[in-house]
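# Coordinate analysis (summary)
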Amino acid sequence: MDQIIVTGNGALSGQIPIAGAKNACLTLMPATLLSEEPLTLTNAPRLSDIQTMTALLQSLGAEVTSLQDGQVIAMSSHAIDNHTAHYDIVRKMRASILVLGPMLAREGHAVVSLPGGCAIGARPVDLHLKALEAMGAELELKDGYVHACAPGGLKGGVVAFPFVSVGATENALMAATLAKGTTVLKNAAKEPEIVDLAQCLRKMGAQIDGEGTETITIQGVDRLHGATHPVVTDRIELGTYMLAPAIAGGEVELVGGRRDLVEAFCQKLEATGVHINETDAGLKVSRNGNGIQAVDVTTEPFPGFPTDLQAQMMALLCTADGVSVLEEQIFENRFMHAPELMRMGAQIDVHGGTATVTGVPRLKGAPVMATDLRASVSLILAGLAAEGETVVSRVYHLDRGYEHVVGKLKGVGALIERVRET
Ligand code: EPZ
């Protein structure tokens, strides 16, 4: 397995290009199952999760072709010849459950492995299943698989989510586009990835209103046609790299960055004393000389502070002047980066969903281990400002969600390299 070695090297400067959003692409790709006509995505990120979704769709009979070094994904599902998403693929990536809604809506039946939990929590899919049942689906759980059928096709219904779920909203939204009649999703997720999916589905002929609000209304249609759609900018990659100059000092321009995608995060980052300016190319972030002030952070569904930026923000707050309290409200076990940051000298006290971080003047480089995607990049960010060398192992987690992380950070002056584990 590879390792990434980071050596604190002072202030950064230059530009980092921001790619298309992993979490948008992972829901846009299954949308190809809704139509027998081609769906092409542009601005796609080059990530291992995208390769996993590609393999899953191909296992169902879809044609998926990667063009222009992976930035274009051309798909065609004119013939779905297998209706079972097997455990060996689904267990690698939870987003695989997103083939359930579209396959059921188009084909009237689907068998999808339950994804199982992951490092950050149990992450059940009960809300996905209840949403499809509200549209007339008949579901049976057997041997770790969901057997779903809708003999006469799905019917429009009211889906009232007890709490916000991004994936369940996406599954229900896709399924509803081909259901007979009107579907109303209440307490729907409002993330930019939902808006992006709705915009793509509308290009395919779907009739959708209200995306980005808590109520989405879908008028089912008989069929959807093909489309070409650009994947929205990755707000989590954006926020992650905004933290690089915040932690190490200097000034970095995030090319393609849009403040509206990360407003809550920007307000917290500015409260620490970091400057953010909108430019023609994107967002310029700088911290010149002054220290970082402690701030409290609570993760919430969009438009609140994103849970996917909590680990990265914690790395910054480890060197803040004062005490910061981070409340993780979305997942039950999303502080696994804390013990690794503590190996670098951070002072963090974790109780349940609350982490209290007492800032220290400087972290010290150390061997640390990546445990999940966002935790792994928070260790790299910490290494940018730490004294000496930080060696991050199990970096395969990183490859799931960050393309060319070493190249992007090297490009702004970081001392960072990827090596084969000794
Ligand atoms: C999406 O996961 C993202 N993944 C996650 O990003 C992100 O952290 C999460 O949304 C929250 O924003 C993708 O889009 C591929 P949820 P998802 O359904 O859809 C519970 C990353 O790092 N829940 O909004 O799985 C669930 O356990 C990943 O890129 C149920 O109980 O998240 C969690 O506690 C990590 N039952 C909470 O709801 C359900 O049926 C929110 O989950 C569904 C979810």
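Residues numbered from 1 in each chain as written. Predicted model: local features only at pLDDT ≥ 70, side-chain atom pairs only at ≥ 80, totals over all residues. Heavy atoms only, no water.

Around the ligand, 22 residues are found, and the nearest of them are D126, L127, S165, D308 and I330. Interatomic distance of 2.9 Å between a side-chain N/O atom of K22 and an oxygen atom of the ligand. The separation between a nitrogen atom of the ligand and a polar side-chain atom of D126 is 2.7 Å. Considered on its own, the ligand offers 820 Å² of accessible surface; in the complex 87% of this is hidden by protein. (Near = heavy atom within 4 Å. Polar contact = N/O pair within 3.5 Å; in protein donor to acceptor, adjacent residues only side chain to side chain. Areas by Shrake-Rupley, 256 points an atom, 1.4 Å probe, with all protein chains shown as cover.)

Turning to the packing of helix α8 (residues 235–248) against helix α9 (residues 263–271), a few remarks are in order. Packing of α8 against α9 brings their axes to within 11 Å, and their N-to-C directions diverge by 10°. Classed by the angle they form, the pair α8 and α9 counts as roughly parallel. Across the interface between the two elements, G239, M242, L243 and A246 of α8 pack against F265, C266 and L269 of α9. A class-by-class count of the residues in the contact of α8 with α9 yields six nonpolar, one polar and no charged. (Axes fitted to C-alpha atoms, helices over the stretch in contact; angles between N-to-C directions. Helix = DSSP H or I, 4+ residues; strand = E, 2+ residues; numbered from the N terminus. Parallel < 35°, antiparallel > 145°, perpendicular 65-115°, else oblique. Contact = heavy atoms within 4.5 Å. Nonpolar A, V, L, I, M, F, W, Y, C, P; charged D, E, K, R; others polar.)

Next up on the list: unusual backbone geometry. The residue after F302, namely P303, is reached through a cis peptide bond having omega 10°. Positive phi values are uncommon outside glycine, yet Q68 reaches one of about 50°. Take Q68: its relative accessible area is 62%, and that puts it in the exposed class. One non-glycine residue, D69, adopts positive backbone phi at about 55°. Structurally, D69 can be placed in the loop between β4 (63–67) and β5 (72–76). (Buried < 20%, exposed > 50% of the residue type's maximum accessible area, 1.4 Å probe, protein only.)

We now examine the state of the cysteines. In the structure shown here, the tally under the stated rule is zero disulfides. The structure places no disulfide on C200, whose sulfur is separated from the nearest cysteine sulfur, that of C25, by 10 Å. Judged by relative accessible area, which is 0%, C200 ranks as buried. (Disulfide = S-S within 2.5 Å.)

Strand order in the open sheet formed by four strands is β4-β5-β3-β14, and the pairing between neighbours is mixed. Because the sheet does not close on itself, it has two edges, and the strands there are β4 and β14 (227–230). Going across the sheet, the axis of each strand differs from the next one's by a mean of 15°, ignoring polarity. Of the strand pairs in this sheet, strand β3 (residues 39–42) and β5 are connected by three bridges, and their pairing is antiparallel. (Pairing = 2+ DSSP bridges.)

Attention now goes to helix α7 (residues 192–203). With 12 residues, α7 extends 17 Å from end C-alpha to end C-alpha; this agrees with the ideal 16 Å at 1.5 Å per step. The complete set of buried residues in α7 reads P192, E193, I194, D196, L197, A198, C200 and L201. Two residues or fewer after α7 comes G205, characterised by a positive phi angle close to 105°. (Expected span 1.5 Å × (residues − 1).)

Within the sequence span of helix α5 (residues 126–133), burial applies to L127, H128, L129, A131 and L132. Where α5 is buried, its residues meet α4 (100–107), β8 (138–142), β9 (145–149), β10 (158–160) and α6 (166–176).

Spatial ordering of the open sheet is given by β2-β15-β17-β16, a layout of four strands whose pairing is mixed. The open sheet is flanked by β2 (12–17) and β16 (275–278), the only strands paired with a single partner. Adjacent strand axes in the sheet meet at a mean angle of 15°, parallel and antiparallel pairs treated alike. Relative to strand β15 (residues 250–255), β2 is paired through six bridges, and the arrangement is parallel. Bridge pairing links I16 to L254 in β15. Those strands touched by α8 are β2, β15, β16 and β17 (282–287), and its axis lies near 25° from that of β17.

So, on to the environment of A366. Summarising the element assignment, A366 is placed in the loop between β21 (354–358) and β22 (367–369). As a C-alpha pair, A366 and D143 span 223 residues in sequence and 44 Å in three-dimensional space. Beyond its immediate stretch of four places on either side in the chain, A366 contacts R343, M344, E389, T390 and V391.

Each domain of the protein chain was delimited in the assignment, giving domain 1 (2–19 + 233–420) and domain 2 (22–230). The straight-line distance from the C-alpha centre of domain 1 to that of domain 2 is 31 Å. Counting from both sides, the interface comprises 23 residues of domain 1 and, opposite them, 19 residues of domain 2. Buried surface at the junction of domain 1 and domain 2, both sides included, amounts to about 1800 Å², of which 51% is carbon and sulfur. Considering only the surface of domain 1 that becomes buried against domain 2, F302, R400 and E403 emerge as the three largest contributors, covering 33% of it. Scanning the region where domain 1 abuts domain 2 turns up three salt bridges. (Domains from an automatic or database assignment. Buried area = accessible area lost by both parts, 1.4 Å probe. Salt bridge = Lys/Arg side-chain N within 4 Å of Asp/Glu carboxyl O.)

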